[in-house]
Amino acid sequence: MKIVLVTEGTYPIVTGGVSTWCDQLIGGMPEHEFDVVALTGSGVTKLAWDLPSNVQAVRTIPVWGPPASALRPGSRRRAWVDSTQHALTQLWDAALGPDSGDPVGRTADALQQLVGISDRIGLARSLSTRGSVAPILAAWERHARTSGEAPMSVADAVMAASIVDRALALIDHELGTADVVHASSNGPSSLLALAHSWRHGTPILLTEHGVYLRERYLALHGAKLSWPVRRAVTAFLRRLCEVVHVHALMILPVNQFNARWERKLGAAPEKIHTIPNGVDPGKFEPITGEPDLPTISFVGRIDPLKDLETLLSAFAVVRDRIPNAQLRIFGPTPAENAAYKTRLVELAAALGVSGAVHWEGSSKGSRPAIEAGHVVALSSVSEGLPFTLIESMMCGRATVNTDVGGVSECLDEQQTTGLLVAARDHVAFADACVTLLSDHVSRAAMGAAARRRALSLFTLERCLDRYREAYLAAWDGRLLEHEPSTADAVIPRAPWLTGRHALELSA
């Protein structure tokens, strides 16, 4: 079978949890051929991974790069540009309008029109001739203003259009021959998958690690953009995600937390099949030794979603109670996060803990980083089913974690396999770390229990078997049969679904 795996900002350009999943998925299924289509920010082409032998091709597409095709000349070129405006008007009316009147269906129809325009004249050039600015302003005046929103300026519309039209221009890129297209996240990756499916009838599988829409809300909440720009961009992304949920053959989240969001966003329950991440127990045998000094270890990319401000603030509290405690931070700093890393270093200095915070950079795999601490810490505000936690559990290490995404699904309800605290609560995080650092017996018991749980639920073999079944089902045009699962936990109602609440989402 030929599978096209579409990624965004992950495999095979950078390391991290999603990239690990991609590498496991491809390498674990040598019977299938894979093409990897990687969306990048600005055309990075250096690979961070040695590719499995069944990868037939790797193609990088810079979102902010040159268009895929020129606007082809012809007597009807103006007519096609006008058609683009018609489709964009429908798209933005559905995005910024009410939930009544089938906005998801109207969004899908508008996107399909844009795919047709792409095939005829090249969408990127058409968008550069006349893009989304006028349709955004018209839809805002028609819908947002009547709902009490602030006015939108032309500058706001230009900014929103510059963001969204870049994503829409990706429709020009063809993915090549495929039996199945597997998008590793919603958003632009899935837009490429949608366009390919509408052109060729290829089934789409979607796996979300973190909830794409939720993470965009979190990122835009802190962005230096005006409210109308943030509102317009998130409105478009919400409709896009809903269209993907309707048109994908199957949705394969890594945890039940994601599945609940996907159902809220219109995915039919029978399409959703949760497949937890897994690791190879042979590569993560139990670690028995511990450092000489009481040490907290972190492993992951330096990124705002990891909320290292909370980890540093918690560590300052730990140092007050355990004066010789150390914090070792392992992981790369993506170029776009260099300023964030600088702020973290400044925060450590302001808290008076710089001498005990060790920025270790990337490690060769996670095991050395896990071994470096008595306790492994995960302070994120968003997660899928984190490999850091699963690998730590498989190694028999005690962990302190924030209750986000699927983290609680990794642990048992009694927290005998790891501790769980609320996100952004640095005092509670510190208390949990002190508890484990101060009690060798409890720490060892937790590590042993964690490994037993990981062996029962989170092995790589179990994970790959389920994806293998999903690919074969998709090839046959059918759905997977559901496995027995635990009942969904109760979650708060989602206030982000409409209006201003979209950017007031708590962690």
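As shown above, the structure is provided for reference.
This one's a predicted model, so the numbers in the text were calculated from it and none came from an experiment.

Asker: It is not clear to me how the environment of Cys395 should be interpreted in this structure. Could you clarify?
Answerer: For Cys395, the position within the fold is in helix H14 (residues 387–395). The sequence separation of Cys395 and Thr288 amounts to 107 residues, and the corresponding C-alpha distance is 8.8 Å. Each residue touching Cys395, except ones within four places of it in the same chain, is listed here: Phe284, Glu285, Pro286, Ile287, Arg367 and Ile370.

Asker: Even after reading the chapter, I still don't get the side chain of Ser197, so can you show me in this structure?
Answerer: Its location among the elements puts Ser197 in helix H7 (residues 188–200). For Ser197, the side chain forms a polar contact with the main-chain oxygen of Thr202, separated by 2.8 Å.

Asker: Where do I start with the sheet that holds strand S2 (residues 33–40) in this structure?
Answerer: Strands in a sheet are paired, the pairing made by backbone hydrogen bonds, and the direction either parallel or antiparallel. Judged by pairing direction, the sheet is parallel, and its six strands sit side by side in the order S3-S2-S1-S4-S5-S6 without closing on themselves. Looking along the sheet, the strands with just one partner apiece sit at the ends: strand S3 (55–62) and strand S6 (250–251). Sheet analysis places strand S1 (residues 2–8) next to strand S4 (residues 180–183), joined by four bridges and oriented parallel. By the bridge assignment, Ile3 is partnered in S4 with Val180.

Asker: Would you mind showing me how to read H14 here?
Answerer: Residue pairs spaced three or four apart in an α-helix point in one direction, given the helix's 3.6 residues per turn. Of all nine residues that make up H14, nine are buried, and the element is covered over most of its length. Here H14 has its buried residues at Phe387, Thr388, Leu389, Ile390, Glu391, Ser392, Met393, Met394 and Cys395. Looking one or two places after H14, you find Gly396, whose phi comes out positive at around 80°.

Asker: How should the environment of Gly148 be read in this particular structure?
Answerer: In this fold, Gly148 is placed in the loop between helix H5 (133–144) and helix H6 (154–168). Residue Gly148 is classed as exposed on the basis of its relative accessible area of 62%. Taking the C-alpha atoms as reference points, Gly148 and Pro368, separated by 220 residues in sequence, lie 54 Å from one another.

Asker: Is there a simple way to explain the pairing of S4 in this structure?
Answerer: Across a regular strand the side chains alternate sides, sitting on one face of the sheet and then on the other. Burial along S4 is two-sided: Val180 and His182 and Val181 and Ala183, pointing in opposite directions, are all buried. As judged from the three bridges shared by S4 and strand S5 (residues 204–206), these two strands associate in the parallel manner. Paired with His182 across the strands is Leu205, a residue of S5. For the handedness criterion, the β-α-β arrangement of S4, H7 and S5 is classed as right-handed.

About the thresholds
- Residues numbered from 1 in each chain as written.
- Predicted model: local features only at pLDDT ≥ 70, side-chain atom pairs only at ≥ 80, totals over all residues.
- Heavy atoms only, no water.
- Helix = DSSP H or I, 4+ residues; strand = E, 2+ residues; numbered from the N terminus.
- Contact = heavy atoms within 4.5 Å.
- Polar contact = N/O pair within 3.5 Å; in protein donor to acceptor, adjacent residues only side chain to side chain.
- Pairing = 2+ DSSP bridges.
- Buried < 20%, exposed > 50% of the residue type's maximum accessible area, 1.4 Å probe, protein only.
- Right-handed = clockwise from strand over helix to strand, strands pointing away.

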